[in-house]
Amino acid sequence: QNCYVLVEQPVIVNPVPIIVSGLSFQECDDDTDGFTLFNLSSNTRIAQLLAGNALPLSGYTLNFYFDSAATIPISSNYTNISNPQTIYVRATNIATGCPGPVEALIIFVNPKPELNEPSPYSTCDASGANDGYSTYDLTLLIPAILGATQTTADYDVFFYDTEYNPEATPALTPAPITDLVNYQAYTHTLWISVKNKVTGCEKIGSFNIYVEQ
């Protein structure tokens, strides 16, 4: 007679993390050689790669590879060797240890625009109020800022009253000056951004304004 005992054995099937397919990452470079350092594991890029997965971003690790077989690892701080270049990425669920499929990722480099900083501007407050403000038409500066090879058809020029840093927290980014023709200049540093309308690559500059009462 055969004796046996029935024992319940739970089975857990964990989903694997999926990398969003078809992604590409751009870096903007100050020179025209087409090569620069990519921070592949910035918070913004991790969020793009893992969009749609259930866990918080901290629940995954990302590994990057030179080849589709995922046998040649590369650093998440990686300088491209061709432009564009296809690299590969895989996510692993830290809690379960489950790795996801390898996904292709295109990285490419575009140049930053040219930006010619204006010379310091000095004037006397002759507007009548003598309050340290003077009307200054900022649109007159745009052709020289862009130079001979760039036009407003392809590039936007923005001016800012406080320091502009595109890498800063968006909530801390100042709004650009809207009325360039009737700008009320005062003694301070004026910041400039030139942005390519197609690539979004931009360059930052500044110059000083002096309005004497």
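Coordinates for the structure precede this section.
Residues numbered from 1 in each chain as written. Predicted model: local features only at pLDDT ≥ 70, side-chain atom pairs only at ≥ 80, totals over all residues. Heavy atoms only, no water.

Caption draft 1: Layout of the overall build of the protein chain. What the protein chain contains, in helices and strands, is 2 helices and 13 strands. At 26 Å, the protein chain has a C-alpha radius of gyration far larger than the 17 Å of a compact globule built from 213 residues. Along the first, second and third principal axes, the C-alpha atoms of the protein chain reach 115 × 35 × 25 Å. Within the protein chain, the fraction of its 213 residues that count as buried is 35%. The long-range fraction of contacts in the protein chain, counting pairs at least 24 apart against all pairs at least 6 apart in sequence, stands at 64%. Summed over its atoms, the accessible surface of the protein chain is roughly 12,700 Å², and 54% of this surface lies on carbon and sulfur atoms. Considering the protein chain, the positive charge centre built from 6 side chains and the negative charge centre built from 21 side chains are found 9 Å apart. (Helix = DSSP H or I, 4+ residues; strand = E, 2+ residues; numbered from the N terminus. Rg over C-alpha atoms; globule rule 2.2 N^0.38 Å. Buried < 20%, exposed > 50% of the residue type's maximum accessible area, 1.4 Å probe, protein only. Contact = heavy atoms within 4.5 Å. Areas by Shrake-Rupley, 256 points an atom, 1.4 Å probe, with all protein chains shown as cover. Lys, Arg positive; Asp, Glu negative; His and termini not counted. Charge placed at Lys NZ, Arg CZ, Asp CG, Glu CD.)

Caption draft 2: Summary view of the state of the cysteines. Taken as a whole, this structure holds 1 disulfide when the rule is applied. Between the sulfur atoms of C28 and its disulfide mate C201 the distance is 2.0 Å. Across the S-S bond linking C28 and C201, the dihedral sits near -80°, which makes this disulfide left-handed. You can see C28 sitting in strand β1 (residues 24–29) and its partner C201 sitting in the loop between β12 (188–196) and β13 (202–212), a full 173 residues away along the chain. On the basis of relative accessible area, C28 is assigned to the partly exposed category, the value being 23%. We classify C201 as buried; its relative accessible area is 0%. (Disulfide = S-S within 2.5 Å.)

Caption draft 3: Examining a nonpolar patch on the surface more closely. A cluster of nonpolar side chains, contributed by F66, I72 and I81, occupies part of the molecular surface with about 280 Å² of accessible area. With respect to the secondary-structure elements, I81 resides in the loop between β5 (77–79) and β6 (85–93). (Patch = residues over 30% accessible without salt bridge, like charges linked within 9 Å, V, L, I, M, F, W, Y side chains within 5 Å. Salt bridge = Lys/Arg side-chain N within 4 Å of Asp/Glu carboxyl O.)

Caption draft 4: Seen up close, the sheet that holds strand β3 (residues 60–65). In spatial order, the strands read β1-β7-β6-β3-β4; together these 5 strands make up an open sheet with mixed pairing. Each of the sheet's edge strands pairs with one partner strand only, and the pair in question is β1 and β4 (73–74). Two elements, β3 and β6, share 6 bridges in a ladder whose sense is antiparallel. In the sheet register, F64 faces β6, and the bridge partner there is V89. (Pairing = 2+ DSSP bridges.)

Caption draft 5: Molecular detail of the sheet that holds β13. If you walk across this open sheet you meet the 4 strands as β8-β13-β12-β10, and the pairing is mixed. In this open sheet, the two edge strands, each paired with only one partner strand, are β8 (121–124) and β10 (155–160). With strand direction ignored, the average angle separating the axes of adjacent strands in the sheet is 25°. Pairing analysis gives 8 bridges linking β12 to β13, with the strands arranged antiparallel. Counterpart to V194 in the pairing with β13 is K203. (Axes fitted to C-alpha atoms, helices over the stretch in contact; angles between N-to-C directions.)

Caption draft 6: Highlighting the side chain of S193. Considering the arrangement of structural elements, one finds S193 in strand β12. S193 sits in the buried class, given a relative accessible area of 0%. In terms of polar contacts, S193 uses its side chain to reach the side chain of E202, at 2.6 Å. Setting aside its immediate chain neighbours within four residues, S193 contacts L115, D156, V157, F158, Y160, Y164, E202, K203 and I204. (Polar contact = N/O pair within 3.5 Å; in protein donor to acceptor, adjacent residues only side chain to side chain.)

Read these as geometric descriptors, not functional statements.
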